[in-house]
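The residues making up each chain are set out below.
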Amino acid sequence: MIFLMTAMKNKVNNSNNAIEANGISKKYRIYYERNQTIKEIFLRRKKARFEEMWALKDVSFTVSKGSTIGIIGENGSGKSTLLKILARILRPDEGFFVVNGKISALLELGAGFHPELTGRENVYLNGSILGLTQKEVDARFDDIVSFSELDKFIDTPVKNYSSGMYLRLGFAVAINVNPDVLLIDEVLAVGDELFQRKCSDKIFEFKAQGKTIVLVSHSLEAVRNICDIAIWLDEGCIQSHGEARQVVDLYLNKVNEEERRKAGHKVEQEVGSRAGSQEVEITDVGFLNNKGEKTDSFLTNEEFIVRIDYDAHKTITNPVFGIAVYRNDGIHITGPNTKISNYKIDSINGKGYIEYKVKELPLLAGTYLFTAAIFDQSCLHPYDVHDRMYSFKVLPGGTTESNGFVSIMAKWKHKVNVRREM
C-alpha cells in the first residue's frame, strides 16, 4: 500500500503546482458513551458507543505556485481539518496529497507554545518545530521580535500573555520561516486593528514575492480581496471551486436562501448598521436625478447618481470608495468600488465628495437598500461603512418589463423566408 501510494504521488506530482490533493477524506468518532476506567473495559465488558462522522469526503484540488487560495464554509464544514492535513498534523483516512516546498502554518492561537517558557524560549521551540535550526532562529530573532512588538515581554512566560500577544508572536515566527507555502487559519479575524492591518500587509508582501498562501477565513471580504481562487466546503465536500469572487457570491446566495427559508420567506426591512475606524467619515449620502435634484424615486433606464460626502480628519492615502445595492429581501445585486474600476485616488484630507453615475438605471420596479463605504487600499480595513442605511425606489413606468429585477438593454432580430441548404 505504501509503495502504491508513493507511485501514485510521483505520477500526479506537477512541479508547477504548490499543492495537489487527490480524494482526501477524514473521519472522526463522536462518542455517546465512553469507557472511563479499565475496570469497565475488562470486568463489565462495556463497549464504548460512538458514531463515525466524515469531516472531509473525497476532496480533490490543485493550487499552482504563487496563488492565494481561500477556504470558506460554515463552522464544521471541514476547513480547519483540511488545513491540518496539509500541515501534516493530521493524516487522511483516504486519499493523498503533495506539497512542494517548505510549509509554515499558523493554525491555532499559540499552537506549539509551552506556557511555562518565556517568549524567547518559545521562539526557538516553535522555530525548531517549523524546521529552523538554532543558527537560523538566531539570524531571524530580531526580526521576529520586531514584528511581534513584544520587546518588553519577550523574557516573560507566555502563560502571562494576552490572546493578542500570543497571536503576534505565533504569526511573527510563522512568517519568518520564509516558507514557500503559508497556511493560515482565521488570523485576520483576531487581534487588534493595527495588527490585523500588519498581517494583511505581510500577506500582500508574500503574494508579491510569489509565495503560495492558503487562507481559511470567515471574513468573505478578506477572501474576495486577498485570494485568487477559493474553495467552498459544505459538510466536508467541495461545493464550488474557482475564481474567488464567484465562489464567495455563490456561498452568499446559499446563505441568503437559507435565511429566507428559516424566516418562512418573510421579508424584513433592514435598518442598517455602521462600522469602521472613522479616520474619514461619510457625512451624507444623496441620490440625484439627471437635473441634480435630490430624490429617492427613479424610473428604470433613468439616469441615477449617488453622491457620497466625506470628511477626512487626516491625510488618507489611496482610499477606496465603494457602494452596494441590495433588493429589500436581502439579494445582493451589485457591489462596485473605485479599486475594481481602476479609478485611483492618491489621497484625501478634509471635506469632499465622490459621485457614482449610472447613465441608464437597469433596475426594475421595487425598493432597494444601499450601502456606502470607504476602505483602505487593501479593502480589509474599513474607515466608514454605512451598511444598508439608505434606500431608494424604482417606480413602474420606465419599461414594459416586470419579471426579475434588471432590464438588459438588447434588441430582437428576426428574418423570414430563409432557405436552408439541403
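Computed from a predicted structure; not experimentally measured. (Residues numbered from 1 in each chain as written. Predicted model: local features only at pLDDT ≥ 70, side-chain atom pairs only at ≥ 80, totals over all residues. Heavy atoms only, no water.)

A. Inspection of the sheet that holds strand β6 (residues 181-185) at higher detail. Sheet architecture is open: 6 strands sit in the order β5-β6-β7-β3-β8-β9, paired in mixed fashion. Each edge of the open sheet is held by one strand with a lone partner, namely β5 (103-106) and β9 (237-243). Recorded for the sheet is a direction-independent mean angle of 15° between the axes of neighbouring strands. Against the sheet, helix α6 (residues 163-175) contacts β5 and β6, and its axis sits at roughly 170° relative to β5. The strands touched by helix α7 (residues 193-208) within the sheet are β3 (68-72), β6 and β7 (212-216), with β7 carrying the most contacts at an inclination of about 145°. (Pairing = 2+ DSSP bridges. Helix = DSSP H or I, 4+ residues; strand = E, 2+ residues; numbered from the N terminus. Axes fitted to C-alpha atoms, helices over the stretch in contact; angles between N-to-C directions. Contact = heavy atoms within 4.5 Å.)

B. Structural detail: a nonpolar patch on the surface. There is a patch of nonpolar side chains on the surface, built from Tyr 28, Ile 30 and Met 53 and spanning about 230 Å² of accessible area. By the element assignment, Met 53 lies in strand β2 (residues 49-64). (Patch = residues over 30% accessible without salt bridge, like charges linked within 9 Å, V, L, I, M, F, W, Y side chains within 5 Å. Areas by Shrake-Rupley, 256 points an atom, 1.4 Å probe, with all protein chains shown as cover. Salt bridge = Lys/Arg side-chain N within 4 Å of Asp/Glu carboxyl O.)

C. How the structure looks around the side chain of His 386. Residue placement: His 386 occurs in strand β18 (residues 382-395). With sequence-adjacent residues up to four places away left out, His 386 is seen in contact with Ser 273, Arg 274, Ile 282, Phe 370, Thr 371 and Ala 372.

D. Layout of the pattern of salt bridges. Under the counting rule described, the total for this entry stands at 15 salt bridges. The salt bridge partner of Asp 155 is Arg 120, with a shortest N-O separation of 2.8 Å. Here Asp 155, found in the loop between α5 (134-148) and α6, pairs with Arg 120, found in helix α4 (residues 119-129); they are 35 residues apart in sequence, far enough to count as distant. Residue classification places Arg 120 among the partly exposed positions, given a relative accessible area of 32%. As a salt-bridge pair, Lys 294 and Asp 284 come within 2.9 Å of each other at their nearest N and O atoms. (Buried < 20%, exposed > 50% of the residue type's maximum accessible area, 1.4 Å probe, protein only.)

In short, the description is geometric, and any link to function would need to be established separately.
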